[in-house]
Amino acid sequence: MTDLHVYDTTLRDGAQQEGLNLSVTDKLAIARHLDDLGVGFIEGGWPGANPKDTEFFARAARELDLRNATLAAFGATRRAGGAASTDPLVRALVASQASVVTLVAKSHTGHVERALRTTLAENLEMIRDTVSFLVGEGRRVFLDAEHFFDGYAVDRAYALEALRAGVESGAEVLALCDTNGGMLPSQVADVVHDVVSTLGLADNAESRVGIHCHNDTGCAVANSMAAVDAGARHVQGTVNGYGERTGNADLVTVVANLQLKKGLEVIDGHRLAEATRISHAISEVTNVPPYSRQPYTGASAFAHKAGLHASAIKVDPDLYQHLDPKGVGNDMRMLVSDMAGRASIELKARELGFDLDASDADDSALMQRVLSSVKEKELRGYTFDAADASFELLLRHELDGSLPEFFTVESWRVITDARGEADALSEATVKIVAGDRRHVRTGEGNGPVNALDQALRSALAKAYPEIEHLELVDYKVRILDAAHGTDAVTRVLIETTDGTTTWTTIGVAANILEASWQALIESVTYGLIRAGVPPLT
């Protein structure tokens with residue numbers, strides 16, 4: 001394996017993302033996932049400056065059993081005019097028990113003079129003193145040169161001198177930070193190459209140049225790759241690209257590019273094959289929904305919609321995929337839409353477990369009927385590429401002539417009542433027949449769809465106890481022809497889970513409640529089919 005460092009800063013820099021707030025327990029859980037991914041270093045936070053991070057390191061010493069990663073504590077150089085040995089924040093880094101300390105240091109003359117309000121000479125002494133003290137305390141020190149690329153553009157000599165102060169004092173890594181995220185790949189490559197050659201770090205076994213990129217130009221991953229090409233041997237990033245403003249370099253994308261595209265084995269291959277699972281598991285902890293079009297690990301990363309693509313993929317999947325998705329634990333998906341051809345229907349059916357053969361006359365006719373139905377429904381506002389479960393129900397209907405029937409609906413209605421300034425309350429009544437019995441149930445909710453969901457569950461609970469495991473987790477509405485105003489056609493997508501997997505169903509109608517009811521009924525029907533419940537006889 002290459003000796004390139006893979007350094008994750010999700011728990012510190014990534015946690016600065018707007019709307020992302022991690023508890024200590026969350027951070028411990030994410031650290032375990034990162035260790036499973038096989039990163040070399042996990043930056044846990046800033047002990048001493050943040051009580052939560054101080055607690056994290058205390059609990060990590062007792063509770064974390066890292067098998068692959070080394071925990072790093074983040075901090076800053078000592079204060080101007082003081083001494084590292086007596087600086088309380090520097091002492092807190094030692095007390096954290098982390099064997100690696102990452103120090104942020106100023107390398108931009110403007111930041112030294114206007115933000116730190118000290119002299120350029122004193123800033124260099126702050127770097128030397130803090131690095132030397134921590135090395136003397138038995139710590140490995142990585143230096144994060146903040147605003148390095150901008151500082152290099154203003155005063156190259158001073159920016160390099162800040163790095164020299166770090167390496168001469170014992171810093172193992174000189175991480176060049178594109179803190180404002182404004183660089184482009186060619187600029188990064190030129191600067192990294194200059195730093196490596198000027199400081200003589202190309203073949204230095206004791207010190208190395210690193211890269212830390214933000215994504216404000218959309219180039220964080222590309223900039224990280226350019227830095228490695230130019231001689232960087234330490235790369236920092238965050239899982240899922242978390243971070244303030246537009247985020248940091250997505251570490252999974254960087255690692256996958258280095259390993260699968262450039263042949264640099266930076267983590268064990270079997271761990272990279274867990275990347276999609278780990279990426280999504282961390283999304284669950286952060287409560288930030290996974291980005292479907294995220295490279296490598298997104299749900300749409302290997303999804304194909306066009307009929308031309310499907311025809312080629314049927315012959316050879318590599319014709320329209322840049323690599324085998326299994327390398328990162330993802331999978332190919334076929335999307336069905338009005339752009340589909342019969343090859344799309346055949347491949348999607350196979351993905352869902354239905355063995356159809358386009359060369360068979362009956363199967364070919366079936367696929368043509370399904371395709372015609374899809375195109376006709378999408379003309380009316382349906383979108384099956386976003387509702388796999390509804391497509392499977394459509395396919396089953398064409399295959400068997402009808403869907404399994406678990407219940408019949410007599411009627412449903414919803415009343416919403418608001419009195420004075422109190423919150424509006426919705427009440428729904430459904431009348432259905434299930435299990436040879438008629439059920440009339442009422443449900444209340446904070447909205448009409450919530451009330452319908454509650455009433456339907458109550459009505460089906462005795463006949464189908466499996467309904468208890470189904471949970472509505474997302475509800476989306478889109479107005480399809482806004483020019484029609486309040487009488488426009490509405491599309492509703494409902495996402496449901498049984499605790500193991502999720503599925504999405506769709507409803508389309510002029511009435512938003514009717515569209516919601518269609519999606520709810522299909523969601524429950526699909527859930528009961530998945531649970532293996534026998535239909536009514």
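Here the structure is shown first, and the text comes after it.
Keep in mind the model is a prediction, meaning the values are calculated, not measured.

A. Examining the overall build of the protein chain more closely. Each helix and strand counted, the protein chain has 18 helices and 16 strands in total. Looking at the protein chain as a whole, 51% of its 537 residues qualify as buried. Relative to all contacts within the protein chain whose residues are 6 or more apart in sequence, the contacts with residues 24 or more apart total 67%. Averaging the locations of the 50 positively and 76 negatively charged side chains of the protein chain gives two centres separated by 2 Å.

B. Structural view of the pairing of strand S12 (residues 425-434). Where strand S11 (residues 408-417) meets S12, nine bridges bridge the pair, whose relative direction is antiparallel. Bridge pairing in S12 places Thr408 opposite Val433. The sheet contact formed by S12 and strand S13 (residues 437-445) spans nine bridges and is antiparallel. Residue pairing in the sheet places Thr429 in a bridge with Thr442 of S13. Between the antiparallel neighbours S12 and S13 lie two residues, among them Gly435 with a positive phi of about 65 degrees.

C. Structural detail: unusual backbone geometry. You will see that Arg117, though not glycine, has its phi angle at about 55 degrees, which is positive. Here Arg117 lies in the loop between helix H4 (109-116) and helix H5 (120-136). Residue Arg117 is classed as exposed on the basis of its relative accessible area of 74%. One non-glycine residue, Asn287, adopts positive backbone phi at about 65 degrees. Looking at the secondary structure, you find Asn287 in the loop between helix H12 (275-286) and strand S9 (303-304).

D. Spotlight on the environment of Leu456. Note on placement: Leu456 falls in helix H17 (residues 448-460). Along the sequence, Leu456 and Ile521 sit 65 residues apart, while their C-alpha atoms lie 8.8 Å from each other. If near-sequence neighbours (up to four positions away) are discounted, Leu456 is found in contact with Val430, Trp517, Ile521 and Val524.

E. Quick look at the pattern of salt bridges. One pass over the full model with this rule turns up 28 salt bridges. With a shortest N-O distance of 3.7 Å, Arg128 and Glu125 are connected by a salt bridge. Of the two residues, Arg128 and Glu125 both sit in helix H5, three residues apart, roughly one turn of that helix. By relative accessible area, which is 27% here, Arg128 ends up partly exposed. Here Glu125 falls in the partly exposed class, since its relative accessible area comes to 35%. In this structure, the salt-bridge partner of Asp453 is Arg457, at a minimum N-O distance of 3.2 Å.

Rules used in this analysis
Residues numbered from 1 in each chain as written. Predicted model: local features only at pLDDT ≥ 70, side-chain atom pairs only at ≥ 80, totals over all residues. Heavy atoms only, no water. Helix = DSSP H or I, 4+ residues; strand = E, 2+ residues; numbered from the N terminus. Buried < 20%, exposed > 50% of the residue type's maximum accessible area, 1.4 Å probe, protein only. Contact = heavy atoms within 4.5 Å. Lys, Arg positive; Asp, Glu negative; His and termini not counted. Charge placed at Lys NZ, Arg CZ, Asp CG, Glu CD. Pairing = 2+ DSSP bridges. Salt bridge = Lys/Arg side-chain N within 4 Å of Asp/Glu carboxyl O.

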